[in-house]
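# An overview of the molecular structure
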Amino acid sequence: MKNLLGLVLALLFTVSQSYAQGGPPGGGRPSGDGNGRPTRDAANQELNLEGNRPRGNSKISGYIIDSAATVAVEYATIAMLDNDTKKVLDGTMADEKGAFDFTKVAPGKYAFKITFIGYSELIVPNVKVVKGEDVDLGVIKLALSANMLNEVEVTGVKSLIEERVDRLVYNAENDLTSKGGDGADVLRKVPMLTVDFDGNVSLRGNSNIRVLINNKPSTIVASSVADALKMIPADLIKTVEVITSPSAKYDAEGSSGIINIITKKSTIQGYNLSVDVGAGLRGSNLGVNGNLKVGKLGFTLGGFGRSFYNNASTVLNQTTFGATENSTTNQTSDAKDLGIFGRYNLGVDYEISSNEYITGGVSFGTRNFNRDQDFSILQYRGDELLSNLNRTVDSKDVSNNVDVNLDYVKIYKPGQEWSVSTQYSQNNLTNNFDASIFDINNELPFLQRNLNDNVNREITFQTDYVTPIKKNQIFEVGAKRIMREVNSNFSYLIGQNGTYQLDLRNPSGLLNYNQNITAGYLSYTFATKNKINFKTGVRYEHTEITGISNETALALPTYGNIVPSINISKTFKATTLKLAYNNRITRPGLQQLNPNFNASNPYSITIGNPNLRPEISNNVELSVSKSFGRNYVNASFFGRQTTNAISQISTPSDTLFGAIISRYENAGTQKAAGVNLFGNFFITQKWSVNGGVDLFYNYLEGQVQTLDGFKTVNNDGIAFNGRLSSQISLNKGWGIQGFAGFRGNSVMLQGMRTGTPMYSIGVRKETKDKKGTVGLAVENIFGGMQFQTTMDSPLFTQQNTNYIYNQNVKLTFSYKLGNMKFMEQKKTKSVKNSDVKSGGDVSGS
């Protein structure tokens, strides 16, 4: 999808002379607008958006590539000139595929001047346009300037990390060590993000984020971010965008920001086919993707399957304090995990006319995750041994989801367009377990079974309109309607000798939850002559909720939220200052709402809460970045305050002696303040090093139960995360990359969780025809990962130690074949739902 907002800003501004001398962040790219596209200074060149050049009905298009590397020159500047006077008539900028076009061109003779930092200027003269006929300039090759030729005689390294105005971009396709893994393996290496062992993601210490896939939501993400990441192969991910200050155009969801995962796409004329295969100690994968483009009609078809296997162990020690006696539980467990995941997609795009496009797509995902766990449990009443049990649990986490979208866009002139987007999404999720309980004599007293079927449906209608105002302003307006339905049916059974009956001691029931959201937004962008950019906006969201839980109507009021945002940036001498403020809301997701009583571990039980209210947060961010040559550094300072914070609150069970129940609640207030430091450095043309640290202070306050009733408690602490990555491009197609990271301690209202290190190294070799690669990588080869969760309250203490045998050696192979030529990418829009809190894995362990 070609980003029209970036195109408009490209027409408004040219890159300032001081910026060109200093060089942009991330190895040669200019800083961008609010959607990550470059901006230009209007004072340096008159690019006319008001229609003063002659207008007609022809179209001129082309594609710009590097003459030596035969790769797209992203964001090259193309000026349309009068062929005789060389007066500038219009201008545009190439997109991320190098494609560009001019529409509504009058008959005549034109010349085109193509420029980009580090390349020699190129003039394409004598382009004749006949009335009613389009002109395809084909592939235009830019040559590097003379002072750059010595550097490019060796193979270069593209930056893993780029910084743009409102987001950070991690180029996952350049990450050798993640091949053969899943989405969680990629996100662990992204600055500002931390990912735990279950795949739960947090941004700057806050897990209340919104995850999009190709700018679109999915019900599988709404159900669980961890589940979604397991279904996305690392090889399929092109970039990961971390958006810390979203504009009013985005849904107001995600108190700490938005993560947008962009998968690899092709814009080709002809066909191509790619095959990716991998095998390792922790997983194997097989993927096939194909593209076909004939004239105005294009198809994409792909499939990917991955198997995952691992071992884990836990040690749980907890004590509950009663009025007259205490209960102590000592528990150990060993687990074997086996998962099979797949994701398949079919896409169609059609060019109705030169300025109208329609696209559609269907994607289907499936996951089948099994965990076989053996527990050994000793329970004491005071000093007396009360029970000695062995428990085997077979947990099944099975889901399938489908997303169907149909999108339409009409372009009136460069920078002015109207779009309509629709999407239907459904996720069917089953969380069941079967448990067998043995006594000290290894006899089988009884069986236990939990059945939990969930369905999450979502229908979205969205329309957006954007138009330039004069030469330095942009106005955007849009509306959206989201209709959601969540259903959960759960029950407990007990049995002996294979015969089951309903367990009246444990709750069974049904949840039907309906949520309808109506939203509208206004956004205004203004650029001053002295290179100060303002992007302000306001969004209003009206939420209606109805629901029934166990035949009781939920008392959830209708509410409305006004969500303002402002982004200000100033660039001077290769230095960019940014200041941003936004207000965000976080609605509870399926895992937080689901009232199923998950007792796969009978002494550490989790349960959702259908009466949860949304979180409200205020965020402010100040950042400064400096580029020097291809290198850059960035420092971001942020503050966040959240009310109605959704957290798990743990209390001893009233009915199950010695058990602790963790339930989602609107616990209270969360405050955070800190700094993110990261940089990207090129030691040589072939060797780059990048890294960063996150340091922030967390304060949590909320209501917890004590012997004297509910009381307000607080907890605070400083968290530290770090990462360092280096990649080297060697001769004859060889490459090597290493990564080391540390996930620091995290603070919870009732305790803390310790951190753990991780590391990997990989090597890759290209085939002689440059179409294939063979890679070998190792992860945590000298030992697995261990972390410990400690909770301390007036009613209980708990210490849970988890060890995951995450050592891995993997071999990967990929190959591409086809008969293709590059073509322009269609200007399509899509649904972007970013308003639901995604729950983590809450199954007992």
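## A short note on the overall build of the protein chain
Tallying secondary structure elements over the protein chain gives 7 helices and 43 strands in all. With 845 residues in all, the protein chain has 59% of them scored as buried. In the protein chain, once contacts between residues fewer than 6 apart in sequence are set aside, the share between residues at least 24 apart is 69%. By element, 57% of the accessible surface of the protein chain is carried by carbon and sulfur atoms, the whole surface being about 33000 Å².

## A short note on the packing of aromatic side chains
Any pair of aromatic rings gets described here by the distance separating the centres and the angle formed by the planes. Under the counting rule described, the total for this entry stands at 9 aromatic pairs. Plain terms: the ring middles of Y344 and F364 are 6.4 Å apart, the flat faces sit at 20 degrees to each other, and that makes the pair stacked. Here the residue Y344 occupies a position in strand β18 (residues 326-353), and F364 occupies one in strand β19 (residues 356-381), the gap between them amounting to 20 residues. Ring centres of F638 and F696 lie 6.4 Å apart, and the angle between their planes is 55 degrees; on these two criteria the pair is classed as tilted. Residue F638 is located in strand β32 (residues 631-652), and its partner F696 is located in strand β34 (residues 687-706); the two are separated by 58 residues in the primary sequence. Given a relative accessible area of 4%, F696 falls into the buried group. An aromatic cluster is present here, built from F100, F102 and F112 joined pairwise through their rings. Over the ring of F657 we find R381, and its NZ or CZ is 4.6 Å from the ring centre. The ring centre of Y500 lies 4.1 Å from the NZ or CZ of R449, which sits over that ring.

## Things to note about the environment of N506
Relative to the assigned elements, N506 resides in the loop between β24 (499-502) and β25 (509-527). Taking relative accessible area as the criterion, N506 reaches 13% and is therefore assigned buried. Measuring from C-alpha to C-alpha, the distance between N506 and Y492 comes to 6.3 Å, with 14 residues separating the pair along the chain. Non-local contacts of N506, meaning those with residues more than four positions away in its chain, are made with Q448, Y492 and F597.

## Focus on the sheet that holds strand β7 (residues 135-142)
What the 3 strands build is an open sheet, ordered β4-β1-β7; its pairing is mixed. Of all the strands in the sheet, just β4 (99-105) and β7 have a single pairing partner and so form its edges. Direction aside, neighbouring strands of the sheet carry axes that sit 20 degrees apart on average. With 6 bridges connecting them, strand β1 (residues 55-66) and β4 associate as antiparallel partners.

## Brief notes about the pairing of strand β23 (residues 473-496)
In terms of strand pairing, strand β22 (residues 446-469) meets β23 through 23 bridges, oriented antiparallel. Its bridge partner being in β23, T467 is matched across the sheet by F475. Linking β22 to β23, which pair antiparallel, is a turn of 3 residues; within it K470 sits at a positive phi near 55 degrees. Pairing of β23 with β25, which is carried by 18 bridges, proceeds in the antiparallel orientation. When the sheet's bridge partners are listed, E485 is paired in β25 with N514. Where β23 folds back onto β24 in an antiparallel hairpin, the turn is made up of 2 residues, including N497, whose phi is positive at roughly 55 degrees.

## Side note on the pattern of salt bridges
What the rule picks out here adds up to 15 salt bridges. Residue D403 is joined to R343 by a salt bridge in which the shortest nitrogen-to-oxygen separation is 3.7 Å. Of the two residues, D403 sits in strand β20 (residues 384-413) while R343 sits in strand β18, which places them 60 residues apart along the sequence. What makes D403 buried here is its relative accessible area of 8%. On the basis of relative accessible area, R343 is assigned to the buried category, the value being 15%.

## A short note on the sheet that holds strand β3 (residues 88-93)
Pairing is antiparallel in the open sheet, where 4 strands are placed in the order β3-β2-β5-β6. Of all strands in the sheet, those bounded by a partner on one side alone are β3 and β6 (122-129). Taken pair by pair, the neighbouring strands of this sheet meet at an average axis angle of 25 degrees, ignoring direction. Relative to β3, strand β2 (residues 77-82) is paired through 5 bridges, and the arrangement is antiparallel.

## Considering the side chain of N432
Structurally, N432 is set in strand β21 (residues 416-438). There is a polar contact of 2.8 Å between the side chain of N432 and the backbone nitrogen of N452. Not counting residues up to four positions away in its chain, the partners in contact with N432 are D394, S395, K396, N450, L451 and N452.

## Focus: unusual backbone geometry
One non-glycine residue, N126, lies in the positive phi region at around 55 degrees. If you trace the backbone, N126 turns up in strand β6. In this structure N126 comes out as exposed when scored by relative accessible area, which is 52%.

## Some words on the confidence of the model for the protein chain
Per-residue pLDDT for the protein chain averages 79, and the proportion of residues at 70 or more is 80%. Note that residues 1-51 has pLDDT below 50 and, in this model, 172 contacts with residues that lie over four places away or in other chains.

## Here we look at the environment of P610
Tracing the chain through its elements places P610 in the loop between β30 (604-607) and β31 (615-628). With 98 residues separating them in the primary sequence, P610 and N512 have C-alpha atoms 9.5 Å apart. In this structure, P610 is in contact with L511, Y513, S549, L554, L556, L593 and P595, ignoring residues within four places of it in sequence.

Criteria and thresholds
Residues numbered from 1 in each chain as written. Predicted model: local features only at pLDDT ≥ 70, side-chain atom pairs only at ≥ 80, totals over all residues. Heavy atoms only, no water. Helix = DSSP H or I, 4+ residues; strand = E, 2+ residues; numbered from the N terminus. Buried < 20%, exposed > 50% of the residue type's maximum accessible area, 1.4 Å probe, protein only. Contact = heavy atoms within 4.5 Å. Areas by Shrake-Rupley, 256 points an atom, 1.4 Å probe, with all protein chains shown as cover. Phe/Tyr/Trp six-rings, centres within 6.5 Å; stacked < 30°, edge-to-face > 60°. Lys NZ or Arg CZ within 6 Å of the ring centre and 35° of its normal. Pairing = 2+ DSSP bridges. Axes fitted to C-alpha atoms, helices over the stretch in contact; angles between N-to-C directions. Salt bridge = Lys/Arg side-chain N within 4 Å of Asp/Glu carboxyl O. Polar contact = N/O pair within 3.5 Å; in protein donor to acceptor, adjacent residues only side chain to side chain. pLDDT = per-residue confidence, 0-100.

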